[in-house]
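So you can see what is in the structure, the chains are spelled out below.
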Amino acid sequence: MIVVENLTKQYENTTAVNNVSIEVKEGENLVLLGTSGSGKTTTLRMINRLIEPTSAEVFINGKSIFTQPAEILRRGIGYVLQHTGLFPHYTVAENIALVPHLLQWQKKLVKKRTVALMEKLQLPPGKYLDAYPDQLSGGQQQRVGLARALAADPPILLMDEPFGALDPITRSGIRKEFRALDDLNKKTVILVTHDVQEAFELGDRICLMDDGKIVQQGTPADLLFHPVNGFVKHFLSEQRLLVALFELTERREQ
């Protein structure tokens, strides 16, 4: 589905991402995990060309992403930001409908899709359809951001610290809603986070990054039980990953 080869981004004398290669299968949830400055967000943004790489080969379904204008590429990829990026002068409905309108969907279809997503994300349309972002809580704004990314039903969803600005209780609740959302079935998701528990809950595979490079990639169990070096072992132990693993195991057994 997504193949990234030798992805590199240099800024003057700094290399933000250094020769990163990953492959994401169709329907897979891949998490880019790491501390601030590890290169994970820059990597994500280069996949939909919000940042142009210094050098790379990136393919989606076998087609290079560089063969079409960046704005056209982005219309087929959902993108969720940590701080939602909602337009404050647009209503909830207008924010959600941005990409369908760009794709020239019929108005009736746009409204039907908007209402359906709001209902699934616990945003009653009768109350919030014509509301503005500043009338919503942080959790509600994040739900609108997710609805906007899903509105045109893109096959790929990129998520940059999507729950990072929320308080722990709201964050946990929205993660549960995210896992249960049927609109995510069969979508290919790349999610950036610094939160190990979040990575374990949401990722089929994890790429642990440091200093612009992938240190190790594999399933959560691979990283936990077979760390490739001391950095991986230290990073995971600092984050109390055993607790996260136990919670993940219990969830998958339910």
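Our structure is the block above this text.
Rules used in this analysis
- Residues numbered from 1 in each chain as written.
- Predicted model: local features only at pLDDT ≥ 70, side-chain atom pairs only at ≥ 80, totals over all residues.
- Heavy atoms only, no water.
- Pairing = 2+ DSSP bridges.
- Helix = DSSP H or I, 4+ residues; strand = E, 2+ residues; numbered from the N terminus.
- Axes fitted to C-alpha atoms, helices over the stretch in contact; angles between N-to-C directions.
- Contact = heavy atoms within 4.5 Å.
- Core = buried A, V, L, I, M, F, W, Y, C linked by side-chain atoms within 4.5 Å.
- Buried < 20%, exposed > 50% of the residue type's maximum accessible area, 1.4 Å probe, protein only.
- Phe/Tyr/Trp six-rings, centres within 6.5 Å; stacked < 30°, edge-to-face > 60°.

Participant: Looking at this structure, I do not really get the sheet that holds strand β6 (residues 77-80). What am I missing?
Facilitator: For sheets, the rule is that strands pair by backbone hydrogen bonds, running either parallel or antiparallel. Reading across from one edge, β6-β7-β8-β3-β9-β10 is the order of the 6 strands in this open sheet, with mixed pairing throughout. The sheet is open, and its two edges are formed by β6 and β10 (213-218), each paired on a single side. Direction aside, neighbouring strands of the sheet carry axes that sit 15 degrees apart on average. The sheet contact formed by strand β9 (residues 205-210) and β10 spans 5 bridges and is antiparallel. Across the sheet, residue Ile-206 finds its bridge partner in β10, namely Gly-218. Contacts from helix α7 (residues 138-150) reach β6 and β7 (156-160) within the one sheet, and its direction differs from that of β6 by about 170 degrees.

Participant: Where do I start with the nonpolar core in this structure?
Facilitator: Nonpolar side chains in soluble globular proteins tend to end up buried together. If you look at the biggest cluster of nonpolar residues, it comprises 42 residues, and the most contacted ones within it are Leu-33, Leu-146, Leu-157, Met-159, Phe-163 and Phe-178. In terms of residues, this core owes the most to one element, α7, which gives 5 residues. For Met-159, the residues in contact, after removing those within four places along its chain, are Leu-44, Val-80, Leu-146, Phe-178, Val-189, Ile-190, Leu-191 and Val-192. Core analysis: the second largest hydrophobic core is formed by 26 residues, Met-1, Ile-22, Met-46 and Cys-207 among them.

Participant: I'm lost on the packing of aromatic side chains in this one. Help?
Facilitator: The geometry of two aromatic rings is summed up by the distance between their centres and the angle between their planes. Overall, the coordinates contain 2 aromatic pairs when judged by the stated rule. The interplanar angle of 40 degrees and the centroid separation of 5.3 Å between the aromatic rings of Phe-87 and Tyr-90 together place this pair among those described as tilted. With relative accessibility at 37%, the residue Phe-87 sits in the partly exposed group. Classification of Tyr-90 by relative accessible area gives partly exposed; the value is 28%.

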